[in-house]
Amino acid sequence: MWICENLSVSPEGRLTFAGQDTVILAEKYGTPLMLLDETRIRQRCRVYLQTMREVFGADALPLYASKALCFKGLYRIMKEEGMGIDLVSSGELYTAVQAGYPLEFAYFHGNNKTDADIRYAMEEGIGYFICDNSDELDAVNAEAGRQKIRQKVLLRLTPGIDPHTHRAISTGKVDSKFGVAIETGQAKEFVRHALALPHVQLMGYHCHIGSQIFEYKPFTDAAEIMLRFLAQMKHDFGYEAGELNLGGGMGVRYIASQPQIDYAANIAGIGKIMKDLCAKLNVTMPRILMEPGRSIVADSGLTLYTVGGIKRIPGFKNYVSVDGGMSDNPRYALYQSDYTVVVADRPLAEADGRYTVAGRCCESGDLIQENVLLSSPRKGDRLAVFTTGAYNYSMSSNYNRIPRPPIVWIAEDGADTLAVRRESFEDMVKNEL
Ligand code: LLP
């Protein structure tokens, strides 16, 4: 059950998270409630930063992928830790600006940045655009011309890798909606195009093959394809790219049967293969960037709910209903994602059966998890769902007009502080005339 070191049990037999009693926190802040382990987030940033610098050199930089979880307090931590950031919208960019994050370390992603996005980001002094396609490259060039600057760009390329993850979160295959494919020859034309534009400065290439990937080989395969492409462009155009962004995607353990990935060992392994290949191809190792999202925040998050009713349907199944659901965590509904769920009031008590944990939305598919072993859940118990730091709050909605939960930080000294307030009904109608 203890899939992560920040989970344990108090002397009273209740679940603790980052050393704090989850039942007391649920009483203090109400449920649904999202807790974040600040120490662990910082540790993960340091694993990426330190290892990447050791392996690739002092200029290597991990960019936190904001889409995993985005709010002002998190950007302040990224700034303090010296992390770069990956953004995919003007909304994320605005949040970073509000948090005082220095945008020179920000990389603007997305397969359809609008002209307004491009203008806004450039006005705010964004570091890089990661251009998805030629139309966008022209738009960036035009806006940079208007603003009389030379804008740094990376080109997003698809290396043609199948990373063996859920179809919806696989992005590096040739028919992906993201980027330009190497194997069709279009990537080469993309480079030719970028090199000819006066107001963009081509810094290098980017690829991202998918998310929640446990295998190691897809990453080294992708790195190899990208380096070979880099060498080919040096040969064809005399242009040797100085930067290579390898994207994010390393998996996180949600249930006991999944492995705990050693991120530092993975990065070191990728580095070794790349160094050998650079020597073989006679190219200089470019500056390396990575974009971890999930592996920075997922297991630093935990969600607490309160149990409402229990429904036993003899011969079929048992439901335990909670006061949140797909509105704060749509991942089971979308991807049948695995989660570990326990009764926070007595996580070690023996299970009496299997339960389907259902949310409160008017939707049969609004489930958090099925077939979960739980110890006699009853009304008023608190259920804890582990590993909810990534792609939960950031994908939450107001479906059925359910307010989003608050986020509470747990600091190293055990202090709990509100990072994001619970949404109010007033918040939900504030744009309505
Ligand atoms: N870079 C790019 C260009 C990406 O598209 C992504 C994730 C990342 C980095 C970060 O990947 P990570 O390290 O977090 O795996 N909503 C889905 C995940 C979608 C991921 C989209 N892109 C989920 O809940 O599983």
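About the criteria used
- Residues numbered from 1 in each chain as written.
- Predicted model: local features only at pLDDT ≥ 70, side-chain atom pairs only at ≥ 80, totals over all residues.
- Heavy atoms only, no water.
- Pairing = 2+ DSSP bridges.
- Helix = DSSP H or I, 4+ residues; strand = E, 2+ residues; numbered from the N terminus.
- Core = buried A, V, L, I, M, F, W, Y, C linked by side-chain atoms within 4.5 Å.
- Buried < 20%, exposed > 50% of the residue type's maximum accessible area, 1.4 Å probe, protein only.
- Contact = heavy atoms within 4.5 Å.
- Salt bridge = Lys/Arg side-chain N within 4 Å of Asp/Glu carboxyl O.
- Domains from an automatic or database assignment.
- Buried area = accessible area lost by both parts, 1.4 Å probe.
- Polar contact = N/O pair within 3.5 Å; in protein donor to acceptor, adjacent residues only side chain to side chain.
- Nonpolar A, V, L, I, M, F, W, Y, C, P; charged D, E, K, R; others polar.
- Phe/Tyr/Trp six-rings, centres within 6.5 Å; stacked < 30°, edge-to-face > 60°.
- Near = heavy atom within 4 Å.
- Areas by Shrake-Rupley, 256 points an atom, 1.4 Å probe, with all protein chains shown as cover.
- Expected span 1.5 Å × (residues − 1).

**Brief notes about the sheet that holds strand β1 (residues 7–9)**
The strand order across the open sheet formed by 3 strands is β1-β2-β3, and the pairing between neighbours is antiparallel. The sheet is open, and its two borders are formed by β1 and β3 (20–21), each paired with just one other strand.

**Here we look at the nonpolar core**
Among the nonpolar cores identified, the biggest contains 112 residues, and Ile 41, Tyr 64, Leu 69, Met 78, Phe 129, Leu 155 and Tyr 205 are the most heavily contacted of them. In this structure Leu 155 touches Cys 131, Leu 137, Phe 190, Val 191, Ala 194, Leu 202, Gly 204, Tyr 205 and His 206, once residues within four positions along its chain are discounted. Of all hydrophobic cores here, the second largest spans 19 residues; its members include Ala 26, Leu 304, Val 342 and Ile 410.

**A short note on the side chain of Arg 44**
Assignment of secondary structure puts Arg 44 in helix α2 (residues 38–56). Setting aside residues no more than four positions away along its own chain, Arg 44 makes contact with Gln 260, Tyr 263, Ser 295, Ile 296 and Asp 299.

**Topic: the pattern of salt bridges**
Taken as a whole and assessed by the stated rule, the structure comprises 25 salt bridges. Between Asp 276 and Lys 272 there is a salt bridge, and its shortest N-O distance comes to 2.8 Å. In this pair, Asp 276 and Lys 272 are both assigned in helix α9 (residues 263–281), 4 residues apart and thus about one turn of the helix distant.

**Re the domain arrangement of the protein chain**
Along its sequence, the protein chain is carved into domain 1 (7–37 + 298–429) and domain 2 (109–292). Across the domain 1 to domain 2 interface the summed buried area is about 830 Å²; carbon plus sulfur atoms make up 54%. Three residues, Tyr 335, Asp 338 and Thr 387, lead the burial of domain 1 against domain 2; their summed loss comes to 52% of the area buried on that side. Between the two partners, domain 1 and domain 2, sit 0 salt bridges. There are 2 residue pairs in polar contact (both at pLDDT 80 or more) connecting domain 1 and domain 2. The class makeup of the residues in the side of domain 1 that touches domain 2 is 5 nonpolar, 3 polar and 3 charged.

**Considering the packing of aromatic side chains**
One pass over the full model with this rule turns up 8 aromatic pairs. Consider the rings of Tyr 205 and Phe 229, whose centres lie 5.1 Å apart with planes at 70°: the pair is edge-to-face. With a gap of 24 residues between them, Tyr 205 in strand β11 (residues 200–206) and Phe 229 in helix α8 (residues 217–237) connect regions that are remote in the sequence. For Phe 229, a relative accessible area of 6% corresponds to the buried category. Between Tyr 254 and Tyr 339, the aromatic rings sit 5.5 Å apart at their centres with planes inclined by 85°, giving edge-to-face as the arrangement. Of the two residues, Tyr 254 sits in the loop between β12 (243–245) and α9 while Tyr 339 sits in the loop between α11 (331–335) and β16 (341–343), which places them 85 residues apart along the sequence. Residue Tyr 254 shares its accessibility class with Tyr 339, and that shared class is buried. By way of ring pairs, the aromatic residues Tyr 205, Phe 229 and Tyr 239 are connected into one cluster.

**Examining the site of the ligand**
Around the ligand there are 20 residues in total, and Ser 211, Glu 291, Arg 294, Arg 331 and Tyr 391 lie nearest to it. At a separation of 3.3 Å, an oxygen atom of the ligand approaches a polar side-chain atom of Lys 67. Here Tyr 391 contributes a side-chain N or O atom positioned 2.7 Å from an oxygen atom of the ligand. About the coverage of the ligand: the protein hides 92% of its 590 Å² of free accessible area. Of the residues that constitute the shell around the ligand, the class distribution is 6 nonpolar, 8 polar and 6 charged. Summarising the domain contributions, the shell around the ligand has at least three residues from each of domain 1 (7–37 + 298–429) and domain 2 (109–292).

**Re α9**
Taking 1.5 Å as the rise per residue, α9 with 19 residues should run 27 Å; its terminal C-alpha atoms sit 27 Å apart, in good agreement. Residues of α9 that are buried include every one of Tyr 263, Asn 266, Ile 267, Gly 269, Ile 270, Gly 271, Met 274, Leu 277 and Cys 278, and no others. Contacts from the buried residues of α9 go to α2, α8, β12, β13 (287–290) and α10 (294–297). The N-capping residue of α9, defined by a side-chain oxygen 3.3 Å from the backbone nitrogen of Ala 264, is Asp 262. Remark: Asn 282 follows α9 within two positions and exhibits a positive phi of approximately 60°.

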